[in-house]
Amino acid sequence: MRKCRFFYNEVLTLGYYKILSFEDSHHIINVIKLNINEIIYLFNNFGNEYKCKLVSIKFNRACVEVVESIINYDNDFLKINLFQSVPKNKYMDSILRKSVELGIYSISPVLSERSLFNISDYNFKLKRWNKIIRSSLSQSGSFRYPLIFNPIKLFDITKNKNLSNNFNVLLDVNCSSSLIFPKEKNFINLINGPEGGFSSNEIDFLYKNNFLGLNLGKRILRTDTSFVSSVSILNYFYNNKVI
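Thresholds, definitions, all that
- Residues numbered from 1 in each chain as written.
- Predicted model: local features only at pLDDT ≥ 70, side-chain atom pairs only at ≥ 80, totals over all residues.
- Heavy atoms only, no water.
- Buried < 20%, exposed > 50% of the residue type's maximum accessible area, 1.4 Å probe, protein only.
- Helix = DSSP H or I, 4+ residues; strand = E, 2+ residues; numbered from the N terminus.
- Arc of directions from axis to C-beta.
- Contact = heavy atoms within 4.5 Å.
- Pairing = 2+ DSSP bridges.
- Axes fitted to C-alpha atoms, helices over the stretch in contact; angles between N-to-C directions.

**Q** Even after reading the chapter, I still don't get helix H4 (residues 200-208), so can you show me in this structure?
**A** Each full turn of the α-helix corresponds to 3.6 residues, which orients residues three or four apart in the same direction. Within H4 the residues assigned to the buried category are Glu-202, Ile-203, Phe-205 and Leu-206. Down the axis of H4, the smallest arc covering the buried residues is 160 degrees, so these residues share one side. More than 90 degrees from the buried face of H4, the exposed residues found are Ser-200, Asn-201 and Lys-208. Where H4 is buried, its residues contact strand S10 (167-171) and strand S11 (187-192). Following H4 by one or two positions, Asn-210 has its phi on the positive side, about 75 degrees.

**Q** Sorry, what's going on with the pairing of S11 here?
**A** Across a regular strand the side chains alternate sides, sitting on one face of the sheet and then on the other. Within S11, 6 of the 6 residues are buried, which leaves the element mostly enclosed by the surrounding structure. Alternating positions in S11 separate into two faces, Phe-187, Asn-189 and Ile-191 on one and Ile-188, Leu-190 and Asn-192 on the other, with burial throughout. Pairing of strand S6 (residues 79-85) with S11, which is carried by 6 bridges, proceeds in the parallel orientation. Counted as the bridge partner of Asn-81 is Asn-189 from S11. Where S10 meets S11, 4 bridges bridge the pair, whose relative direction is parallel. Following the sheet pairing, Val-169 is matched in S11 by Leu-190.

**Q** I tried to follow unusual backbone geometry on my own but got confused; where do I start?
**A** Keep in mind that most residues, glycine aside, have a negative phi and that most peptide bonds are trans. At Asn-60, a position not held by glycine, the phi torsion is positive, near 65 degrees. Its location among the elements puts Asn-60 in the loop between strand S4 (48-58) and strand S5 (61-71). With a phi close to 75 degrees, Asn-210 is a non-glycine residue in the positive phi region. Structurally, the position occupied by Asn-210 is in the loop between H4 and strand S12 (212-214). Looking at Asn-210, the relative accessible area reads 61%, which means it is exposed.

**Q** Got a minute to help me understand the sheet that holds strand S3 (residues 39-43) in this structure?
**A** Sheet strands line up and pair through hydrogen bonds in the backbone, either parallel or antiparallel. A sheet is described by the order of its strands in space; here 5 strands give the open sequence S1-S3-S4-S5-S2, paired in mixed fashion. Single-partner strands in this sheet number two, and they are strand S1 (5-7) and strand S2 (17-19). Within this sheet the neighbouring strands show an average axis-to-axis angle of 40 degrees, counted without direction. The pairing of S1 with S3 spans 3 bridges and is classified as parallel. Bridged to Arg-5 within S3 is Tyr-41. The sheet contacts of helix H1 (residues 22-31) involve S1, S3, S4 and S5, and relative to S5 the element is tilted by about 90 degrees.

Take a look at the structure:
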C-alpha cells in the first residue's frame with residue numbers, strides 16, 4: 001500500500017490528537033478505507049512530516065495521534081519562479097501538478113494578449129489551484145508548496161523585484177542563439193507563453209527587459225509540455241551541478 005499523505009500546515013508535537021477535515025476524513029474512511037491503528041502521514045510547508053495513527057472515527061470525522069515527527073530538508077540548489085501566461089483550465093491544472101512534482105518555488109500568473117483568464121474569477125481559481133497543489137503534494141511526496149502570486153499584466157512584469165540580479169529565461173521557439181547557464185545564479189525566472197505563444201510585441205518587450213531566449217527544438221510544444229521540458233533541463237543542470 002502506498003504512503004497516505006495529507007497536507008496540514010501547522011507544526012505538531014508527539015502525542016497530539018488531531019481531528020481531520022471532512023474532505024480528508026472522507027478520503028480515509030470511504031476511499032482508501034483505513035482501519036483503526038493504521039498509519040497516515042501529515043505534512044506541512046516547513047519541511048515537517050508526521051507519522052500518525054488512526055485512533056477513532058466519529059460522525060464521519062477521522063481522529064489521528066501523532067506518533068513520530070520527521071524533518072525533511074529541501075536540498076535543491078535551484079529555485080524557479082514560473083511566470084505562466086494563463087491557458088485553458090486543463091492546461092493550467094496540468095502545469096500546477098507538474099510544478100509540484102518538479103519542485104517549482106513560486107508561480108506568477110501572467111495576463112498576456114492570448115491569455116484565457118478573467119480577473120474577476122481569480123478568487124475562485126485560486127481556491128481551485130491550491131486544491132490541485134495540495135493533492136499533488138500528497139501524491140508526489142514533495143514538501144515544497146509553491147507560492148502563488150497575484151496575476152500581473154505582461155507589460156507590468158518589470159515591476160517584479162525578482163527580475164533584478166536574477167537569471168530570466170523566455171521560452172522562444174524562434175530563438176537562434178545559444179543560452180549559457182550562469183553557475184552563480186540559483187534563482188531563475190522562467191516565462192512560459194499561452195496556447196499560441198506570445199505576440200511579437202510581447203516577445204520584443206521581454207527581450208528588451210533582460211530576458212534571454214531558450215529554444216527547446218523545432219517541434220511546437222503545448223504550453224504544459226514546454227514548461228515540463230524546460231524545468232527538467234534546468235533542474236538537471238543546476239541540482240546535479242553539471243554546469
